[in-house]
2 protein chains.
Amino acid sequence: MLDYAALSALAAVVREGSFERAARSLSVTPSAISQRIRALEERVGCALVVRDSPCRATETGRRLCQHVDHVRLLEQSLHGALPALAGQGEARVPVPVGVNADSLATWVAAPLAAFAAAQPVLLEVSVDDQDHTTEWLRSGAVLAAVTATARPAAGCNSFPLGAMRYVAAASPAFVRRHFGEGVGAGSLARAPSLVFNTKDELQSRWARRLCHRDVQLPRHTLPSPHAFVTAALAGMGWGLHPTGLIDAHLRDGSLVELVPGTPFDVPLHWQHARAAGGMLDGLTSEVLAAARKALLQP
Amino acid sequence: MLDYAALSALAAVVREGSFERAARSLSVTPSAISQRIRALEERVGCALVVRDSPCRATETGRRLCQHVDHVRLLEQSLHGALPALAGQGEARVPVPVGVNADSLATWVAAPLAAFAAAQPVLLEVSVDDQDHTTEWLRSGAVLAAVTATARPAAGCNSFPLGAMRYVAAASPAFVRRHFGEGVGAGSLARAPSLVFNTKDELQSRWARRLCHRDVQLPRHTLPSPHAFVTAALAGMGWGLHPTGLIDAHLRDGSLVELVPGTPFDVPLHWQHARAAGGMLDGLTSEVLAAARKALLQP
């Protein structure tokens, strides 16, 4: 069989980002970590870690880390069946999960937390947009993810979650100032929009659907869903907000829809690695139940 | 003088991450962008852009982008003094700013938004922890930042903002389950903590101050200040929360301090590039006024 002490060292370096921190987390010396990884690299015949700051896995290294995650989860399921196996000091199992920022800011934090509070795991949540979390699943960087893609990544199961509803909104003063003569390609090309980061295409997609052509939007960048709302309230720009975050503001009139009746729905899916076994089934049930309440069901 | 059309192309590629998106944002063809950057690279004698996905600036490229930002801000101040210069369709000036996630989730979003709503700028807010925003200032990636460092980066002015107060807190059920026999090195080594990301040392620093030695904490990773609170409420782990985000929960008892009377204060500073001129003075006043109300003053 493979050398699991060496594989644990590799996983720790990739998780912690440095040999020193990995050594501390496994309570061994950095030179022990370094020897184990070198031995593994000699056996596999290629580099497994890019010695950078922070350290990163090579493609082969990433594949091995994924294997370690799977084995750990399988062990955990075994502990469930054979409680005698699970020592008192048994370490919690790391479960890397990818979610989009808007889901984390609204509905998905609660089911993740409920799962993590009940199970002997350490959740490692990474955030990117729903198109990029699929990449993470494919590369094995995460065991489960909220994605925009229905088609299961290799080795994954996929479940529809429903749609996240967004509304294009801004403060009444902002609308008066920038859209006094209506919302169209001309006014949208001048009024500053809010985007989460340079990869965020939601505002452009909404504008394209409205105007039937591409509009080059001036963009403020603000990578925080809650700061997005604060910025909209202050009249900094218009943007697409998850309805869950601005319902109260729409009701009290501090934010208004740019064009009433033009919500933008983004269907989301939950995917998880099949090989990770029964442990993720509990997480999947929690996530699906929360999505059923929070997201728009077909 | 330098070729500012070429410099604008460079800045657009770095900002947008690709030649295609840069071309769209400047309303020219991708081949025009590519020619301008090649000409600039020949003149400077080294690569300015790493053609990757996304494209990144080389160190020299970054230095030139910083120069473009400064010149744009100086032009903007000139427009203030000579309104006739500022054409109607004058493009807004990009202002890259670095802040820490907890500041963005609490007090700094409002002054940033107030500034951006009033000035002809496009704010580009990047988030990292307060130790790393200093790096961005140094490298010229941002013109202003909330930092943990009082000492001004080269070419910057520095202003004390006051301290962000954190409290180590968890749900009452979590405290009963994991700290029934008190909070010490032993219980902290077993109870899962919450960290924002692998660089987040707050929890470790608080534990070290309490126990007078390093404690290896089991860690859930959750890169969202609001999800941090949701996770704490659900009993997923203990962590250091900005008091602004959990005051109400401490009052109604849904969260409790792990060890009453052990807040952790992180002094913050505002730094901005001197060369960027008068435009940033307005932003600085807004930020300092908001900090005076929200942060702990010495």
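Residues numbered from 1 in each chain as written. Chains lettered and ligands numbered in written order. Predicted model: local features only at pLDDT ≥ 70, side-chain atom pairs only at ≥ 80, totals over all residues. Heavy atoms only, no water.

Before going further, it helps to examine the overall build of chain A. When you go through chain A residue by residue, the secondary structure sums to 13 helices and eleven strands. Summarising its shape, the C-alpha atoms of chain A cover approximately 70 × 40 × 30 Å along the three principal directions. Within chain A, buried positions represent 51% of all 298 residues. When contacts within chain A are restricted to residue pairs at least 6 apart in sequence, long-range pairs at least 24 apart make up 71% of them. For chain A, the accessible surface area stands at approximately 12,900 Å², while carbon and sulfur atoms represent 53% of it. With 28 positive and 26 negative side-chain charges, chain A shows a spacing of 2 Å between the two charge centroids. (Helix = DSSP H or I, 4+ residues; strand = E, 2+ residues; numbered from the N terminus. Buried < 20%, exposed > 50% of the residue type's maximum accessible area, 1.4 Å probe, protein only. Contact = heavy atoms within 4.5 Å. Areas by Shrake-Rupley, 256 points an atom, 1.4 Å probe, with all protein chains shown as cover. Lys, Arg positive; Asp, Glu negative; His and termini not counted. Charge placed at Lys NZ, Arg CZ, Asp CG, Glu CD.)

Turning our attention to the packing of aromatic side chains. Residue and element names in this part refer to chain B. Per the stated rule, a full pass over the model turns up four aromatic pairs over all chains. When the centroid spacing of 5.3 Å and the interplanar angle of 50° are considered together, the rings of tryptophan 206 and tryptophan 238 count as tilted. Separated by 32 residues along the polypeptide, tryptophan 206 in helix H10 (residues 202-211) and tryptophan 238 in the loop between helix H11 (225-233) and strand S9 (239-242) bring together distant segments of the chain. (Phe/Tyr/Trp six-rings, centres within 6.5 Å; stacked < 30°, edge-to-face > 60°.)

Superposition record for chain B on chain A: RMSD 0.0 Å, screw rotation 180°, translation along axis 0.0 Å. Taken together, the rotation and translation describe the operation of a two-fold axis. Most of the interface of chain B is mirrored in chain A: 100% of its interface residues are interface residues there too. (Least-squares fit on C-alpha atoms with pLDDT ≥ 70 in both.)

Split by domain assignment, chain A resolves into domain 1 (1-66) and domain 2 (164-266). Between the C-alpha centres of domain 1 of chain A and domain 2 of chain A there is a distance of 45 Å. (Domains from an automatic or database assignment.)

Quite often, the size of an interface is put as the accessible area lost when its parts meet. Counting residues at the interface gives 42 residues for chain B and 42 residues for chain A. Between chain B and chain A, a total of about 3,200 Å² is buried, with carbon and sulfur atoms accounting for 59% of that surface. Scanning the region where chain B abuts chain A turns up two salt bridges. Linking chain B with chain A are eleven residue pairs in polar contact (both at pLDDT 80 or more), by the criterion used here. Those elements that provide at least two residues to the side of chain B that touches chain A are helix H1 (4-16), helix H2 (19-26), helix H6 (109-118), strand S4 (121-127), helix H8 (172-178), strand S8 (219-221) and H11 of chain B. (Buried area = accessible area lost by both parts, 1.4 Å probe. Salt bridge = Lys/Arg side-chain N within 4 Å of Asp/Glu carboxyl O. Polar contact = N/O pair within 3.5 Å; in protein donor to acceptor, adjacent residues only side chain to side chain.)

Residue and element names in this part refer to chain B. It is at 8 Å that the axes of H2 and helix H3 (residues 30-44) come closest, and there the two elements cross at 105°. Between H2 and H3, the interaxial angle falls into the category roughly perpendicular. Contacts between H2 and H3 involve Phe19, Glu20, Ala22, Ala23 and Leu26 from the former and Pro30, Ile33, Ser34 and Ile37 from the latter. Residue classes in the contact of H2 with H3 are distributed as seven nonpolar, one polar and one charged. (Axes fitted to C-alpha atoms, helices over the stretch in contact; angles between N-to-C directions. Parallel < 35°, antiparallel > 145°, perpendicular 65-115°, else oblique. Nonpolar A, V, L, I, M, F, W, Y, C, P; charged D, E, K, R; others polar.)

As a further point, take the state of the cysteines. Evaluation of the coordinates by the stated rule reveals zero disulfides over all chains. Free of any disulfide, cysteine 46 of chain A has its nearest cysteine sulfur in cysteine 65 of chain A, 12 Å distant. Assessed through its relative accessible area of 31%, cysteine 46 of chain A is described here as partly exposed. Of all cysteine sulfurs, the one in cysteine 65 of chain B lies closest to cysteine 156 of chain B, which takes part in no disulfide; the gap is 17 Å. (Disulfide = S-S within 2.5 Å.)

Quick look at the environment of glutamate 124 of chain B now. Within the secondary structure, glutamate 124 of chain B is located in strand S4. What makes glutamate 124 of chain B buried here is its relative accessible area of 17%. Remark: the alpha-carbon pair of glutamate 124 of chain B and proline 96 of chain B, spanning 28 residues in sequence, is separated by 4.5 Å. Beyond its immediate sequence surroundings of up to four residues, glutamate 124 of chain B is in contact with Thr221 of chain A together with Arg15, Pro94, Val95, Pro96 and Val97 of chain B.

What follows concerns the pairing of strand S5 (residues 144-147) of chain A. Residue and element names in this part refer to chain A. Residues of S5 alternate between two faces, with Ala144 and Val146 on one and Ala145 and Thr147 on the opposite face, all of them buried. In this structure, strand S3 (residues 93-99) lies alongside S5, joined through two bridges in parallel fashion. What sits directly across from valine 97, in S5, is alanine 144. Direction of pairing for S5 relative to strand S11 (residues 264-273): antiparallel, over a ladder of four bridges. What sits directly across from threonine 147, in S11, is histidine 269. (Pairing = 2+ DSSP bridges.)

The next subject is the pattern of salt bridges. Residues and elements named next belong to chain B. Here the structure, examined in full by the defined rule, presents 18 salt bridges over all chains. With a shortest N-O distance of 2.9 Å, arginine 51 and glutamate 41 are connected by a salt bridge. Of the two residues, arginine 51 sits in the loop between strand S1 (49-50) and strand S2 (56-57) while glutamate 41 sits in helix H3, which places them ten residues apart along the sequence. A residue is classified by how much of its surface remains accessible, and arginine 51, at 45% relative accessible area, is partly exposed. Accessibility expressed as a relative area gives 12% for glutamate 41, which makes it buried.

Our focus in this paragraph is the UniProt feature "domain: HTH lysR-type" (unreviewed entry) in chain A. Mapped onto this structure's residue numbering, the UniProt feature "domain: HTH lysR-type" (unreviewed entry) falls at residues 2-58 of chain A. Taken end to end, residues 2-58 of chain A has its terminal C-alpha atoms 18 Å apart, with 63% of it in helix and 7% in strand. (UniProt positions renumbered as here; feature names shortened; annotations may be inferred.)

This part takes up H3 of chain B. Residue and element names in this part refer to chain B. End to end, H3 covers 21 Å across 15 residues, agreeing with the expected 21 Å (1.5 Å per residue, within 8%). When we look at burial in H3, the residues that qualify are Ala32, Ile33, Ser34, Ile37, Leu40 and Glu41. At its buried positions, H3 is contacted by H1, H2 and S1. Directly beyond the C-terminal end of H3, a positive phi value near 90° is found at glycine 45. (Expected span 1.5 Å × (residues − 1).)

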